[in-house]
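Single-letter residue listing:
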Amino acid sequence: MIQSLMMSMPLNIATLIQHADRHHGSVEIVSRRVEGDLHRTTYRELHRRARQLANALATLGIGPGDRVATLAWNGYRHLELYFAVSGSGAVLHTINPRLHPEQIGWIARHAGDKVLFFDSCFGPLAQAVRRAAPQVRHFVAMTDRDRMADAGPEPALCYEELLEASTDAFEWPALDETTASSMCYTSGTTGDPKGVLYSHRSTVLHSLACALPDAFNLSSRDTVLPVVPMFHVNAWGLPYAAPMVGARLVLPGARLDGPSLYELFEAEGVTMSAGVPTVWQGLVAHLEANGLKLSTLKRMVIGGAACAPSMLQRLQDRGVQVLHAWGMTEMSPLGTVCSLKASQLNLTPTEQLAIRSRQGRVLYPVDMKVVDEQGQELPWDGNSSGDLMVRGPWVASEYFQGGSALRGGWFSTGDVANIDQEGFMRITDRSKDVIKSGGEWISSIELECIALSHPGVANAACIAVAHPKWGERPLLVIVCKSGQTVTREQVLAHFADKVARWQVPDDVVFVDAIPLGATGKMLKGQLRERFREHRWPGA
Ligand code: AMP
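(A) Quick peek at the site of the ligand. Lining the immediate surroundings of the ligand are 16 residues, of which Ala325, Thr329, Gln359, Asp415 and Arg430 lie closest. One of the backbone nitrogen or oxygen atoms of Ala325 is found 2.7 Å away from a nitrogen atom of the ligand. Here Thr329 contributes a side-chain N or O atom positioned 2.5 Å from an oxygen atom of the ligand. In isolation the ligand exposes 500 Å². Once the protein is present, 93% of that is buried. For the shell around the ligand, the element with the highest residue contribution is strand β14 (residues 321–327), accounting for four residues. Considered class by class, the residues forming the shell around the ligand number five nonpolar, eight polar and three charged.

(B) Quick look at the domain arrangement of the protein. Under the domain assignment used here, the protein contains domain 1 (14–23 + 39–198 + 230–237) and domain 2 (435–530). Taking the mean C-alpha position of each, domain 1 and domain 2 sit 40 Å from one another.

(C) Here's a closer look at the sheet that holds strand β3 (residues 67–71). Judged by pairing direction, the sheet is mixed, and its seven strands sit side by side in the order β7-β6-β5-β3-β4-β8-β9 without closing on themselves. The two strands at the open ends of the sheet, each matched to only one other strand, are β7 (157–158) and β9 (195–199). Sheet analysis places β3 next to strand β5 (residues 113–118), joined by five bridges and oriented parallel. Opposite Arg67, over in β5, you have Asp113 as the bridge partner. Running at roughly 150° to strand β8 (residues 180–185), helix α4 (residues 101–111) makes contact with β3, β4 (91–94), β5 and β8 of the sheet.

(D) Here's a closer look at the packing of helix α9 (residues 258–268) against helix α10 (residues 277–290). Remark: α9 packs on α10, axes separated minimally by 8 Å, with the N-to-C direction vectors making an angle of 75°. When the axes of α9 and α10 are compared, the pair comes out roughly perpendicular. Across the interface between the two elements, Gly258, Pro259, Leu261, Tyr262 and Phe265 from α9 touch Trp280, Gly282, Leu283, His286 and Leu287 from α10. Class assignment of the residues belonging to the contact of α9 with α10 gives a composition of seven nonpolar, three polar and no charged.

(E) Structural context of the pairing of strand β6 (residues 138–141). With four bridges connecting them, β5 and β6 associate as parallel partners. Residue pairing for β6: Val115 is matched across the bridge by His138. Handedness of the crossover is the feature at issue here: the chain leaves β5, passes through helix α5 (residues 123–132), returns alongside β6, and the resulting connection is right-handed.

(F) Quick peek at the packing of aromatic side chains. The final tally for this structure, using the stated rule, is seven aromatic pairs. In textbook terms, an aromatic cluster arises when at least three aromatic residues are bridged by ring pairs, as seen for Trp73, Phe122 and Phe231. Taking NZ or CZ as reference, Arg130 lies 4.1 Å from the ring centre of Phe139, over its face. The ring of Tyr399 is capped by Lys194, whose NZ or CZ atom sits 5.1 Å from the centre of that ring.

(G) Broad picture of the sheet that holds strand β13 (residues 299–302). Taking strand neighbours across the sheet as the criterion, the nine strands line up as β2-β1-β11-β10-β12-β13-β14-β15-β16 in an open arrangement whose pairing is mixed. Across the chains shown, the open sheet's two edge strands, defined by having one partner strand only, are β2 (38–42) and β16 (361–362). In terms of strand pairing, strand β1 (residues 28–32) meets β2 through five bridges, oriented antiparallel. Paired with Ile29 across the two strands is Thr41, which belongs to β2.

(H) Spotlight on the side chain of His232. Within the secondary structure layout, His232 lies in the loop between β10 (223–226) and α8 (238–245). Once residues lying within four places of it in the same chain are set aside, the contact partners of His232 are Val276 and Thr519.

(I) View of empty space enclosed by the protein. Inspection of the entire model under this criterion finds three cavities of 30 Å³ or more. Arg33, Val34, Gly75, Tyr76 and Asp119 are, among the 14 residues lining the largest cavity, the residues nearest its centre. Elements supplying a minimum of two residues to the lining of the largest cavity: β1 and α3 (76–87).

(J) Here's a closer look at the pairing of strand β26 (residues 457–467). Of all eleven residues making up β26, nine are buried, and the element is well covered by its neighbours. Summarising the sheet, β26 and strand β27 (residues 471–480) pair through ten bridges and their orientation is antiparallel. Paired with Val465 across the strands is Arg473, a residue of β27. Counted between consecutive antiparallel strands, the loop separating β26 from β27 contains three residues.

(K) Representation of the environment of Leu294 in the model. Mapped onto the elements, Leu294 comes out in the loop between α10 and β13. The class for Leu294 is buried, based on a relative accessible area of 6%. Other than its neighbours up to four places away in sequence, Leu294 contacts Tyr262, Phe265, Glu266, Leu283, Leu287, Arg318 and Val320.

(L) Highlighting helix α11 (residues 309–317). What α11 keeps buried is the set Ser310, Met311, Leu312 and Leu315. Those residues of α11 hidden inside the fold are in contact with α10, β13, β14, α12 (349–356) and α13 (444–452). Downstream of α11 by one or two residues, Gly319 has phi in the positive range, about 85°.

Scoring rules and cut-offs
- Residues numbered from 1 in each chain as written.
- Predicted model: local features only at pLDDT ≥ 70, side-chain atom pairs only at ≥ 80, totals over all residues.
- Heavy atoms only, no water.
- Near = heavy atom within 4 Å.
- Polar contact = N/O pair within 3.5 Å; in protein donor to acceptor, adjacent residues only side chain to side chain.
- Areas by Shrake-Rupley, 256 points an atom, 1.4 Å probe, with all protein chains shown as cover.
- Helix = DSSP H or I, 4+ residues; strand = E, 2+ residues; numbered from the N terminus.
- Nonpolar A, V, L, I, M, F, W, Y, C, P; charged D, E, K, R; others polar.
- Domains from an automatic or database assignment.
- Pairing = 2+ DSSP bridges.
- Contact = heavy atoms within 4.5 Å.
- Axes fitted to C-alpha atoms, helices over the stretch in contact; angles between N-to-C directions.
- Parallel < 35°, antiparallel > 145°, perpendicular 65-115°, else oblique.
- Right-handed = clockwise from strand over helix to strand, strands pointing away.
- Phe/Tyr/Trp six-rings, centres within 6.5 Å; stacked < 30°, edge-to-face > 60°.
- Lys NZ or Arg CZ within 6 Å of the ring centre and 35° of its normal.
- 1 Å grid on protein atoms, 1.4 Å probe; cavity = no way out; pocket = protein on both sides within 12 Å on 5 of 7 lines; lining within 4 Å.
- Points joined across faces, edges and corners; volume = space filled by probe spheres on them.
- Buried < 20%, exposed > 50% of the residue type's maximum accessible area, 1.4 Å probe, protein only.

Right, dumping it as structure tokens:
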């Protein structure tokens, strides 16, 4: 073996914004601020302010490895923190403001955060952190002096004043690429949330991969609007990948309803977007109700929860190409994206839709497999479902102060999936949501997708409820579209010929809304609790 003669250049998050400044300096970043107005800046200006912020962090006593928390929507100040905190060697800890205040306090304490930066609308949450995490030394309201009153009665520092008092002369330190750069806690639907600690290396590699043509297909010709929040697994890597390719960024702030998003998409000429199915439901409903089309949007990434084929079809009908993607906090988050292979381009639209509704193919150098209960790998036949395992350079190996996350060198995702002959993975369930009926497993996601294809159904969750004969049977929980009534019999008739008879739900209940967690996922645990005593028909 001999050593190569190539440069040793550690992968470093600061280089992403340095590159954007040098090669795409005049490209715009548009933000809908919590103050309500639209703000415009450029990568050059963002880089300048990130350097000022890095100096300001030093004056607050933030050093290498210190955790700097944020409670903020997608906006340019949050983006400045992304680069200033990680680039200067500290760790950016984005906290999800949709969590319960007690959970937010618990997370800030567990992470050992030293400073909290918060959007002025999150003053009450900052107070929860103040109470629960006494080690947090500074609270910084992300606004200017004139609007400090919006941040609440508790004393806080003012973001713009901190910047004004700092020079923009700052040299990004040459960090080892394995240095921790940011952290994010899992949504913790069962048990306490767990901290995932990303590195500069994992983040830059993830950005390179997510920009590839078979993934998000990002370029300097794109205008990217991440609907997915910057507190949900780093907005799926878009705040890093966009400057890396020089794409224009549009950051939507707090207004994620259908009409507000539509207005921003059209006014700013957005070409690419990403978010969870629940936000797209609002947008699609708005488009359909008003006969609208998205005139510039080309690609929309949907992930975080299963995207029903009916939703794919409705968006496709409005001229938008949907990319179904799967990942998780522990995977930075991207694992798979569903883009067709050359051999599939001549298939019929129905055949293509069936492929597109799968969660997709793995991104190199991540690898995946499905295993049975004994840990034996299952065949790639599109049918054999088992535990989904992954490994790769942007997959967590341990939780923050939580021990190893691996089993035999693989990360066990907690998802149940199968993989087809071409390597397209389909999630059939979260393992805790699988319905075990008479020794057979029924996929709750498959049943929900069928229910959602009924024209009167707005949302559907399928849960396991105890059954005296079969152990568990599927119960379908339905939300009707507004102004429409659908009967139990109509919903069940819709399943005929779509699944085997023993997989058809035994009963349907109607609710006003399905409870959603902090990242837009259905809280099936709550539904199981609510319908635990459900009486089956004829029982
Ligand atoms: P989080 O860490 O909050 O991003 O949640 C990750 C989990 O969300 C995964 O383990 C899956 O259970 C679920 N998930 C993410 N993307 C998808 C998808 N496209 N289809 C089905 N489930 C998904």
